[in-house]
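# Fold and contact review
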Amino acid sequence: MKTHSHIPSAKRLLRTLNGEALWPPPMWLMRQAGRFLPEFRAMRAKADFMTRCMTPDIATELTLQPIRRFGMDGAILFSDILILPWAMGQSLDFVAGTGPVLGAIRTAQDLDKLDAGMIAEKTAPVLETLTRLRGILDGPDSIGAAAPGSTTLMGFTGSPFTVACYMVEGGGSKEFAQTRRMAFAEPALFDRLIDLLTTTTADYLCAQVEAGAEAVMLFDSWAGLLPPSQFRRHVIEPTRQIVAALKARYPHVRVVGFPRLGGVMVAEYARQTGVDVVALDTGADIAQIRPLLPAGVGIQGNLDPISVLAGGEAMRAEARAICHAGRGLPHVFNLGHGVLPETPVEHVEDLVRIVREGA
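Residues numbered from 1 in each chain as written. Predicted model: local features only at pLDDT ≥ 70, side-chain atom pairs only at ≥ 80, totals over all residues. Heavy atoms only, no water.

As named in an unreviewed UniProt entry, the chain is Uroporphyrinogen decarboxylase, taken from Acetobacter vaccinii. On record in UniProt, under Function (unreviewed entry), the comment for the chain is "Catalyzes the decarboxylation of four acetate groups of uroporphyrinogen-III to yield coproporphyrinogen-III." We quote the UniProt Sequence similarities (unreviewed entry) comment for the chain here in full: "Belongs to the uroporphyrinogen decarboxylase family." (UniProt positions renumbered as here; feature names shortened; annotations may be inferred.)

## With respect to the packing of helix 16 (residues 312–325) against helix 17 (residues 345–356)
Look at helix 16 against helix 17: their axes get within 10 Å of each other, and the N-to-C directions meet at 35°. Both helix 16 and helix 17 take part in a crossing whose hand is right-handed. Packed against helix 16, whose contacting residues are Met 315, Arg 316, Ala 319, Arg 320 and Cys 323, the element helix 17 presents His 347, Asp 350, Leu 351, Arg 353, Ile 354 and Val 355 at the interface. Class assignment for the residues of the contact of helix 16 with helix 17 results in 6 nonpolar, 1 polar and 4 charged. (Axes fitted to C-alpha atoms, helices over the stretch in contact; angles between N-to-C directions. Helix = DSSP H or I, 4+ residues; strand = E, 2+ residues; numbered from the N terminus. Left-handed = near helix turned anticlockwise from the far one by under 90°. Contact = heavy atoms within 4.5 Å. Nonpolar A, V, L, I, M, F, W, Y, C, P; charged D, E, K, R; others polar.)

## Some thoughts on the UniProt feature "domain: Uroporphyrinogen decarboxylase (URO-D)" (unreviewed entry) in the chain
Following the UniProt record, the feature "domain: Uroporphyrinogen decarboxylase (URO-D)" (unreviewed entry) maps to residues 26–35 and 154–170 here. Each end of residues 26–35 is marked by a C-alpha atom, and these two atoms are 23 Å apart; helix forms 0% of the span and strand 0%.

## Description of the side chain of Gln 32
Here Gln 32 shows up in the loop between helix 1 (12–17) and helix 2 (38–44). A polar contact is formed between the side chain of Gln 32 and the backbone nitrogen of Leu 29, at a distance of 2.9 Å. Other than its neighbours up to four places away in sequence, Gln 32 contacts Leu 37, Pro 66, Ile 67, Met 72, Gly 74, Ala 75, Ile 76 and Val 339. (Polar contact = N/O pair within 3.5 Å; in protein donor to acceptor, adjacent residues only side chain to side chain.)

## Here we look at the side chain of Glu 169
Tracing the backbone through its elements, the reader meets Glu 169 in helix 9 (residues 160–169). In this structure Glu 169 is buried but unpaired, with Arg 106 as the nearest side chain of opposite charge at 5.4 Å. Side-chain polar atoms of Glu 169 contact the side chain of Thr 179, separated by 2.8 Å. (Buried < 20%, exposed > 50% of the residue type's maximum accessible area, 1.4 Å probe, protein only. Lys, Arg positive; Asp, Glu negative; His and termini not counted. Salt bridge = Lys/Arg side-chain N within 4 Å of Asp/Glu carboxyl O.)

Here it is, written out as structure tokens:
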């Protein structure tokens, strides 16, 4: 995979997403804008979650907080994977102590009520946030700990299967049994939902790129719940279609795919979907995954967030091991899941130092 000459050399993350193996690896952390930061908690006290997502002033500030504090190589849009179903008219509330609560999609009639024509208008504030962020990050002034023009702006969405899990279940779950039952018992209905999400996700990601995102990530957080046949049908194939649609319009844009808990299916996912980088969850072994990946596909990950919560030499040793396991590959250092809210800021600072020093 060739590096594109127009990419500023200061953007180490973008260079790695384009296939360069850099040392030390560039880094950012999933949920780096989150409750472990005091400045985030202060903002959270002023506005509810959806207001934060849909107000460009707030979403811009929250996205930039970890860049100012840690100088991360990637700034990922502050938003949520459920913005898309909400934008199509599905009811969505975020309830303290419970999480997202949606009006469950269980029948063809429920599905018929969704309106993809509303997406552009309702997601306009999200796209405005991306445009503002790109201007700030590429502007002449430094962003706290980050040098001007050094930070890659990332957009994201949930992948169709994972978003469908919440849409069908009506909220979070450990097993998403209703969703998986529908996939087996009512395949035509479930395929309709997946097809709708595949099309709208591709369009939404294109809009994010148009607004300023330099790379995008697809979060398939619940991919690992599926058996191989369903994984191929509802994870690999929709992702392949989304990546193809995105790259047909924006060939330069790089895509990170996160088939969380995908196990040995991750290699097939990397071969079939067209993603540029595969994000690995905590349970994956980079040394075992490396030889299974097609040439040119990079790796992101995959430090256990609990180790960052614990901190100290155990965290440092794990971080060093992951850096060295990915050495010589296009490797983006990250976690295997999001930063935990209880994580001390000092532990993240220590982690950033360890990785930046070349472990």
